[in-house]
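The chain contents come next:
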Amino acid sequence: MRVVSNAEPKLGQVVKTLRGRDQENFAVIVGIIDERFVLIADGDKRKFDQPKKKNVLHLEFTDFVSSEVASSLQETGRVTNGKLRFALLKFLESNPTEDIGKETRNG
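Residues numbered from 1 in each chain as written. Predicted model: local features only at pLDDT ≥ 70, side-chain atom pairs only at ≥ 80, totals over all residues. Heavy atoms only, no water.

**Observations concerning the overall build of the chain**
No. 1: If you tally the helices and strands in the chain, you get three helices and five strands.
No. 2: The linear arrangement of helices and strands in the chain, starting from the amino end, is β-β-β-β-β-α-α-α.
No. 3: Buried positions account for 41% of the 107 residues belonging to the chain.
No. 4: Within the chain, counting contacts between residues at least 6 apart in sequence, those at least 24 apart form 54% of the total.
No. 5: Surface accessibility of the chain: about 6300 Å² in total, with carbon and sulfur atoms responsible for 47%. (Helix = DSSP H or I, 4+ residues; strand = E, 2+ residues; numbered from the N terminus. Buried < 20%, exposed > 50% of the residue type's maximum accessible area, 1.4 Å probe, protein only. Contact = heavy atoms within 4.5 Å. Areas by Shrake-Rupley, 256 points an atom, 1.4 Å probe, with all protein chains shown as cover.)

Now the structure itself:
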């Protein structure tokens, strides 16, 4: 996985959470509030309707951007939870050394 440092967050971009309860888990950016905060969701534990507001300093940005999620958000302003799960699955398949996170591993 190539990590993009000091990059602008993009809709549909996969990120790894570095701080908080969901630490070490992956999610997708579903909204950009300002230069400091984004909204993330994974479609499973954190649904699109209840995204998590995260400080960009607490996220590790990857170079993987889901075009399906990005286009859906731009066209309708929404994305299905299934599409978010599919985007994360595609990311993990293209990066087999990464693990989806401790929550899904244990249960």
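Still more to cover.
**Digging into the confidence of the model for the chain**
No. 1: Residues at a pLDDT of 70 or more form 86% of the chain, whose mean pLDDT is 88.
No. 2: Every residue in residues 102–107 is under pLDDT 50, and counting partners more than four places away or in other chains gives eight contacts. (pLDDT = per-residue confidence, 0-100.)

**Overview of the packing of aromatic side chains**
No. 1: For the coordinates displayed, the defined rule picks out two aromatic pairs.
No. 2: Judged by centre distance (5.1 Å) and plane angle (55°), the ring pair of phenylalanine 26 and phenylalanine 91 falls under tilted. Taken together, the positions of phenylalanine 26 in strand E2 (residues 26–32) and phenylalanine 91 in helix H2 (residues 81–94) put the pair 65 residues apart, joining distant regions of the chain. For the pair phenylalanine 26 and phenylalanine 91, one class covers both residues: buried.
No. 3: Aromatic ring contacts, followed pair by pair, group Phe26, Phe64 and Phe91 into a single cluster.
No. 4: One residue, lysine 53, lies across the ring of phenylalanine 37, its end atom 4.6 Å from the ring centre. (Phe/Tyr/Trp six-rings, centres within 6.5 Å; stacked < 30°, edge-to-face > 60°. Lys NZ or Arg CZ within 6 Å of the ring centre and 35° of its normal.)

**Things to note about the packing of helix H1 (residues 67–76) against H2**
No. 1: Between H1 and H2, the least distance of the axes is 9 Å, while the angle of their chain directions is 150°. The orientation of H1 relative to H2 falls into the category roughly antiparallel. In contact with Glu68, Val69 and Ser72 of H1, H2 contributes Lys83, Leu84, Ala87 and Lys90. (Axes fitted to C-alpha atoms, helices over the stretch in contact; angles between N-to-C directions. Parallel < 35°, antiparallel > 145°, perpendicular 65-115°, else oblique.)

**Focus on the pattern of salt bridges**
No. 1: One pass over the structure, following the stated rule, counts four salt bridges.
No. 2: Glutamate 24 is the partner of lysine 16 in a salt bridge, and the nearest nitrogen-oxygen pair spans 3.4 Å. (Salt bridge = Lys/Arg side-chain N within 4 Å of Asp/Glu carboxyl O.)

**A look at H2**
No. 1: In this model, H2 (14 residues) spans 20 Å end to end at C-alpha, consistent with the 20 Å of a helix rising 1.5 Å per residue.
No. 2: Of all the residues in H2, the buried ones are Leu84, Ala87, Leu88, Phe91 and Leu92. The buried residues of H2 occupy an angular sector of 135° when projected down its axis, which confines them to one face.
No. 3: At its buried positions, H2 is contacted by strand E1 (13–17), E2, strand E3 (37–41), strand E5 (59–65) and H1. (Expected span 1.5 Å × (residues − 1). Arc of directions from axis to C-beta.)

**Points about the sheet that holds E5**
No. 1: Judged by pairing direction, the sheet is antiparallel, and its five strands sit side by side in the order E4-E3-E2-E1-E5 without closing on themselves. The strands lining the two open edges of the sheet, one partner per strand, are strand E4 (52–55) and E5. This sheet shows a mean twist of 45° between the axes of neighbouring strands, independent of strand direction.
No. 2: The pairing of E1 with E5 spans four bridges and is classified as antiparallel. Bridge pairing in E5 links threonine 17 to leucine 59.
No. 3: Of the strands in this sheet, E1, E2, E3 and E5 are in contact with H2, which crosses E2 at around 130°. (Pairing = 2+ DSSP bridges.)

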